[in-house]
Amino acid sequence: MGSYRIDNGVVDLGAVKLPVPDTVSAEARIFLSSNPWGEMADSAQPVPMWETREATNQAFAMLNHYALSIWPCAVEETTIAGVHCHRVRKADAPAALRSKIMINLHGGGFVIGAGALGEAIPIAAQTGIEVVAVDYRLAPEHPFPAAIDDIVAVYRALLTDHLPADIAIFGTSAGGFLTAMTIMRLKRDNLPLPVCCGVFTAGGDVATLGDTYNYLTLGGFYDHVGAPVDDPISERGVFLRDADRNDPLVAPIKGDLSDFPPTLLVSGTRDAILSASALFHRALRRAGRNAELYVFEAMPHAHWYNFQLPETREAIDIMANFFASHLAG
């Protein structure tokens, strides 16, 4: 864990204490006062994320089930262009929306998360637009660019019966970084770009995450501060492996963003990836692009997976409204 201590949500940094803020919902105050990562001794050593797949797969399956209890949808396993996917549809979606489609790229640090539908389900339900969730290949067995190859293969297949103006791409965490990388790959391959994209709690350079990654964690102030990208247990490191970190296909923020699609970015003030989101937002704005950034008070990484929070419902509303507005044509 970090060099701070936490007691009932109050973070003791030594020189200053950070209380649970009263500027969030009552549900969020309870959430921030608990330890969502469980009890962990300061001396405990982190394990590589890819070694937790069995446990996390069960957690993702439970989250899928919970999401479906709130946002009923039909979920169908399928294969598109040789890539395993899930199609998520709202049963009573308007006929006018059947020509629209969204591609979702799950989170999980590039190394876990296959089959996770925790954002695909609510977005499909609230927009009425079908979501194709791509189970791209995972590192360390399949480092960059394997995941991008899978995503582009699915996108090419969807282009056979969908106009680019009827397709959006979005993802959270690793899925958000992959979204930005996919856009740059589509540009390189001279493929038409989707009408918009969502880069949620992610940015344009997975190797350089900025200031907040130095003192925040994915749990806000709980759990271990993330490993440097060159650490052997770094999921970012095993994903990137020998990739050129200055290549815009790897770090979109270092490339030409002048034709990047309209982009929605979402993060929180206790999210380790906040700096990366802010840096990419500024880069897109400097390039003259339509980019919106929403930052939620005191929220940690991907807080919208906690479906009980009012802040989650607000974040999902923002996402759904963004996609619906750009896919309305």
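Relevant structure appears above.
Below you will find a few notes about this structure. Small disclaimer: the values here were computed from a predicted structure and weren't measured.

1. Structural notes on the sheet that holds strand E1 (residues 5-7)
Step number 1: Across the sheet, three strands lie side by side as E1-E2-E3; this open sheet has antiparallel pairing. Edge positions in the open sheet fall to E1 and strand E3 (17-18), since each of these has one partner strand only.
Step number 2: Here E1 pairs with strand E2 (residues 10-12) via three bridges, running antiparallel. In the sheet register, Arg-5 faces E2, and the bridge partner there is Asp-12.

2. Considerations on the side chain of Glu-130
Step number 1: By the element assignment, Glu-130 lies in strand E7 (residues 130-134).
Step number 2: A distance of 2.4 Å separates the side chain of Glu-130 from the side chain of Arg-87, its partner in a polar contact.
Step number 3: In this view, Glu-130 contacts Arg-87, Val-88, Arg-89, Lys-100, Ile-101 and Met-102; residues no more than four positions away in its chain are not counted.

3. Side note on the sheet that holds strand E9 (residues 196-200)
Step number 1: The eight strands lie next to each other as E4-E5-E7-E6-E8-E9-E10-E11, forming an open sheet whose pairing is mixed. Since the sheet does not close on itself, it has two edges, and those belong to strand E4 (74-80) and strand E11 (291-296), each with one partner. In this sheet, adjacent strand axes meet at a mean angle of 20° when their direction is disregarded.
Step number 2: Pairing of E9 with strand E10 (residues 263-268) involves four bridges; the strand directions are parallel. Note on E10: the bridge partner recorded for Gly-198 is Leu-264.

4. Quick notes on the pattern of salt bridges
Step number 1: On inspection of all chains with the given rule, the structure shows 12 salt bridges.
Step number 2: Across the pair Asp-150 and Arg-137 runs a salt bridge, and its minimum N-O distance is 3.1 Å. Residue Asp-150 is located in helix H4 (residues 146-159), and its partner Arg-137 is located in the loop between E7 and H4; the two are separated by 13 residues in the primary sequence.
Step number 3: The exposure class assigned to Asp-150 is buried, which follows from its relative accessible area of 8%.
Step number 4: Judged by its relative accessible area of 34%, Arg-137 is partly exposed.
Step number 5: Among the salt bridges present, the one from Arg-185 reaches Asp-189, with a minimum N-O distance of 3.0 Å.
Step number 6: With a relative accessible area of 15%, Arg-185 lands in the buried category.

5. Regarding the packing of aromatic side chains
Step number 1: Taken as a whole and judged by the stated rule, the model has 10 aromatic pairs.
Step number 2: A centroid spacing of 5.6 Å and a plane angle of 55° characterise the contact between Tyr-66 and Phe-307, whose relative ring orientation is tilted. A residue pair is termed long-range when its members are at least 10 positions apart, and Tyr-66 in helix H2 (residues 53-70) and Phe-307 in the loop between E11 and helix H8 (310-326) qualify at 241 residues.
Step number 3: Its relative accessible area of 34% is what places Tyr-66 among the partly exposed residues.

So, how was this worked out
Residues numbered from 1 in each chain as written. Predicted model: local features only at pLDDT ≥ 70, side-chain atom pairs only at ≥ 80, totals over all residues. Heavy atoms only, no water. Pairing = 2+ DSSP bridges. Helix = DSSP H or I, 4+ residues; strand = E, 2+ residues; numbered from the N terminus. Polar contact = N/O pair within 3.5 Å; in protein donor to acceptor, adjacent residues only side chain to side chain. Contact = heavy atoms within 4.5 Å. Axes fitted to C-alpha atoms, helices over the stretch in contact; angles between N-to-C directions. Salt bridge = Lys/Arg side-chain N within 4 Å of Asp/Glu carboxyl O. Buried < 20%, exposed > 50% of the residue type's maximum accessible area, 1.4 Å probe, protein only. Phe/Tyr/Trp six-rings, centres within 6.5 Å; stacked < 30°, edge-to-face > 60°.

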